[in-house]
Each structure stands twice: as C-alpha cells, then as structure tokens.
Amino acid sequence: MHVAGQDGDAFAPAGQPQVALAPGATYIVASGMERKEVIWTAVLSSLLALLALVAALYACYWWQKRKRKQEEEEEAEPVVMQHPTSSLSRLNGILSLKTPLISTKALGTAGTPNKTPSGTSSNLAGTSIPEGKSAGATSPAPQNKALQNVKNEHPSNRSISLVDMYIDNSEPSENVGQIHFSLEYDFQNTTLILRIIQGKELPAKDLSGTSDPYVRVTLLPDKKHRLETKIKRRTLNPRWNETFYFEGFPIQKLQSRVLHLHVFDYDRFSRDDSIGEVFLPLCQVDFSEKPSFWKALKPPAKDKCGELLTSLCYHPSNSILTLTLLKARNLKAKDINGKSDPYVKVWLQFGDKRIEKRKTAIFKCTLNPVFNDTFSFNVPWEKIRECSLDVMVMDFDNIGRNELIGRILLAGKNGSGASETKHWQDMITKPRQTIVQWHRLKPE
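Residues numbered from 1 in each chain as written. Predicted model: local features only at pLDDT ≥ 70, side-chain atom pairs only at ≥ 80, totals over all residues. Heavy atoms only, no water.

Caption draft 1: Structural detail: the packing of aromatic side chains. Under the defined criterion, the tally for this structure stands at six aromatic pairs. When the centroid spacing of 4.7 Å and the interplanar angle of 85 degrees are considered together, the rings of Y185 and F187 count as edge-to-face. Overall, the relative accessible area of 8% leaves F187 in the buried class. On the numbers, 5.8 Å between centres and 55 degrees between planes, the contact of Y185 with F287 is tilted. Taken as a pair, Y185 in strand β8 (residues 178–186) and F287 in the loop between β14 (273–281) and β15 (292–296) lie far apart in primary sequence, 102 residues in all. Of the two residues, Y185 and F287, both sit in the buried class. A network of ring pairs unites the aromatic residues Y185, F187 and F287 as a single cluster. (Phe/Tyr/Trp six-rings, centres within 6.5 Å; stacked < 30°, edge-to-face > 60°. Buried < 20%, exposed > 50% of the residue type's maximum accessible area, 1.4 Å probe, protein only. Helix = DSSP H or I, 4+ residues; strand = E, 2+ residues; numbered from the N terminus.)

Caption draft 2: Just helix α5 (residues 418–429), in detail. The end-to-end C-alpha separation of α5 is 16 Å, in line with the 16 Å expected for 12 residues at 1.5 Å each. Residues of α5 that are buried include every one of S419, E420, T421, H423, W424, D426, M427 and I428, and no others. If you follow the buried residues of α5, they end up packed against β16 (307–315), β17 (320–329), β21 (387–395), β22 (403–411) and β23 (435–440). (Expected span 1.5 Å × (residues − 1). Contact = heavy atoms within 4.5 Å.)

Caption draft 3: Spatial organisation of the sheet that holds strand β11 (residues 227–228). With antiparallel pairing, four strands are arranged side by side in an open sheet as β11-β10-β13-β14. Bordering the open sheet on either side are β11 and β14, each of which pairs with just one other strand. Where strand β13 (residues 258–265) lies against β14, eight bridges are found, and the strand directions are antiparallel. Bridging across to β14, V263 finds its partner in G276. (Pairing = 2+ DSSP bridges.)

Caption draft 4: Here's a closer look at unusual backbone geometry. Backbone geometry at N241 places phi at a positive 50 degrees, although glycine is not the residue there. With respect to the helices, strands and loops of the structure, N241 is situated in strand β12 (residues 239–247). Phi is positive for S319, close to 55 degrees, though the residue is something other than glycine. Here S319 lies in the loop between β16 and β17. By relative accessible area, which is 18% here, S319 ends up buried.

Caption draft 5: Quick look at the pairing of β21. Counting buried positions along β21 gives nine out of nine residues, so the element sits mostly inside the fold. On β21, burial covers both faces: C387, L389, V391, V393 and D395 on one face and S388, D390, M392 and M394 on the other are all buried. Bridge analysis of β21 against β22 gives eight bridges, and the strand direction is antiparallel. Among the inter-strand pairings, D395 is bridged to a residue of β22, identified as E403.

Caption draft 6: Seen up close, the sheet that holds β16. Strand order in the open sheet made by the four strands is β20-β17-β16-β23, with antiparallel pairing throughout. Of all the strands in the sheet, just β20 (370–378) and β23 have a single pairing partner and so form its edges. When the angles between neighbouring strand axes are averaged without regard to direction, this sheet yields 20 degrees. Pairing analysis gives seven bridges linking β17 to β20, with the strands arranged antiparallel. Opposite L323, over in β20, you have F375 as the bridge partner. (Axes fitted to C-alpha atoms, helices over the stretch in contact; angles between N-to-C directions.)

Bear in mind that shape data such as this cannot, by itself, settle questions of function.
Structure, rendered in structure tokens:
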C-alpha cells in the first residue's frame, strides 16, 4: 500500500499521531507486507550466493581430485596385451599401440572369449585367437643377446625396486592348495605367454564342501589391467587349461614385473572369498626354456595387523648395521575414523637389554604409510649374532597412550617368526648386500 501526501497535508495511519507533510515533498509509505518481501529477498539472495560459493568450492575440489587421479594413473605404466591379428599402426618402424588390448584363449576352444565371474568377457578388445594357434605354436626363440645379459645379472646385484617389494620368502602358514602354471617367452613378438593349467587340494569355501574357484591374473605393479579365468563349479581340483598373452614386453622390461596369481571362490550373492595367492618375480625366471611351476598358495593374512617392508645390511669393515623401513601396507585401524597415525619405533637389543632407540616421523590418517627411513647402528662383528632389532609399528594419539599396531623381532636366533630369523641370517651370510623382505606384523 502506497499513500502519497501533497504540500501541507497531514497523514498518519490509524491509531498513530498525525504528522505534517513538508511543503513541496511527496511521501510514500510502505506497508508491513512490502517490508517483509524486501527482507525475504535479501535472505534468499544471501542463500543463493552461499550455495554458489559452495558449488564453486566443490567443483575445485572435484577437479583437483580428478587431476591427482589422472597423475597417479599416468605414473602406473599400463600393461599392454593384445592379439597379433589386432589392427596396429606403425610409425617409422616402431610399433604403436593405440589402445591397450587384452586377449585370452582357453585351450581346446578357439575364438571363445573367457567369461569372468561378473559375466563379462575378459577379451576386452573383442578379438579372438585363430583356431590354429596354440600355446606351443609360437616361433622358436632366437639366441637373444639381451637374454644372456639378463641371465648374467644376479638379482642380488640389483638396486631396491618394486620387484623387491613383492618378494616374500616366508613359508605358507597353512595349506590352502597348489597351482600349476607354465611360462613361455616369444622373443620375435616380445610376448609373454602364461598358461594356467590346474589347481590341487583347494580348501572348501561353500556349505556343499566344495568351491567355485577361478584365478585372477595381474602383472604387478600394474593393478588396473587384470584377467580372470573361467569359474570351475563345485570342485577342489580345478582344471582351467587357459592361456593368456601379454604382448609388447621386451625381455628387459619383464625383469621389473611380478606375476600375481590370486585364486578366489566365486559367490553369486556375496563377496568372493580369497583362497590363496602366488607372487613370482619374473627376474627369477629363465626364459631360455619353457618353465612349468607347481606353487603352494599362500593364504590371505588372517591377522589384521598388516605388513612391513624392511631391508637389512651389515658392513663388517666398519661394523655398521643398517635397517631401512620402506613402507607398510594394510595396517590395522586404531582410530574411530577407520585410519591410524602410524610411526615406527626401533630398539637395538643385546639379549633382553635395550641399548639404543630410534623413531620415524608420524604419518597422519593412513593405513599404507611410506616411511623410507634408514637407521644405522654400531655393532661389532663378534656381537652381530647376539643382538636383535625390536621393530614396533605404533599408532600416535594426541590424548592418551600410543597404541601398538604390530611388531616384529629381527634376530639370528629367536626372531618373531621364520621369515624374521631367515632375514637376519641372510644379512650375515651376504655382507655388504641389501636384503629386502616383507614381514607380517604380530599383535604381541
């Protein structure tokens, strides 16, 4: 409601004293309803501006997260696997692969793509293998000079690499069966040929007393590209007889790869159960022949403490014992946010007497910290078999006492396990060499 007053008039709302209007002025009186509209408009405008700001901040966060993910994907070199009949382009005689291609073949079934447990085909490129091609149909490998160089290079002479991080010399804690597979290398086509033959004495995971096993194949450290065999229903001794081709891998490149075979039990209505796994560093394989392997499967870790990758080295000339803490994985969560704030505390001990303590930095909110920390201790040669290193992975707490996540005792006589004792003995028998090994953390 607007009320206009002219010169000399007097105006007042009902129940209010009259107010004289100044000469030559026009007055507009706004009702209470219009004042509320102004207020609501201001409030809504503020809310819209706030929502726009939140949307802009979320867009920035999403963009940065996507950029980091792309950078991580670029750092991981993709595994290129394809069939020779796939369309390729050549640039100045160099093989150029447009997209990663993966092809598999079950022996005895030509041109049939394998079905994964999810019902999709593992032949990602949509190509099939000719009927006449088999695992043994590759051309004979020529005498390759690069192979001779690789064979002459002992693994102990190599520097610490991703291959070392996957080497685990510990014995299986329980019997979960075996897997039979073979490897072959086609030098002419730079192709690694993996044949998964069969499994034996697998544990029963279903109520029927059997399992539905299949094998997941990866070439570490690349975890993006993986292949799977067909599922074998209701059996503890499956026969897969499937062949996988990994093309575009020079023999030198294979030395930095680790073959990972992971056997699962398929479940239609729940998560697939892990039966056991095998890690085989390809630098340990003699590709001048066509080796066949029976490997004992190692069960998934039942303790939830996690694992620690360490290296030991001893120099008798200057009596220096060096412990390097590389990284940990799958640590037990100690905080309510499902994470931990891990750090490592190390004690040098002689018998039961603690001599010297060292600590790493604290890593916030992570279950897979990368420490890359090195500690050196002065230990005389005549005392090296009597001392030990008590390595404790701790969770830091601002309030209250720090909690133990897990520990290992590296010693030559009474280590916390067979792998810890063997690690120490290998260090003594191979002085001046860095011995790298994964250890499973113990709760106490």
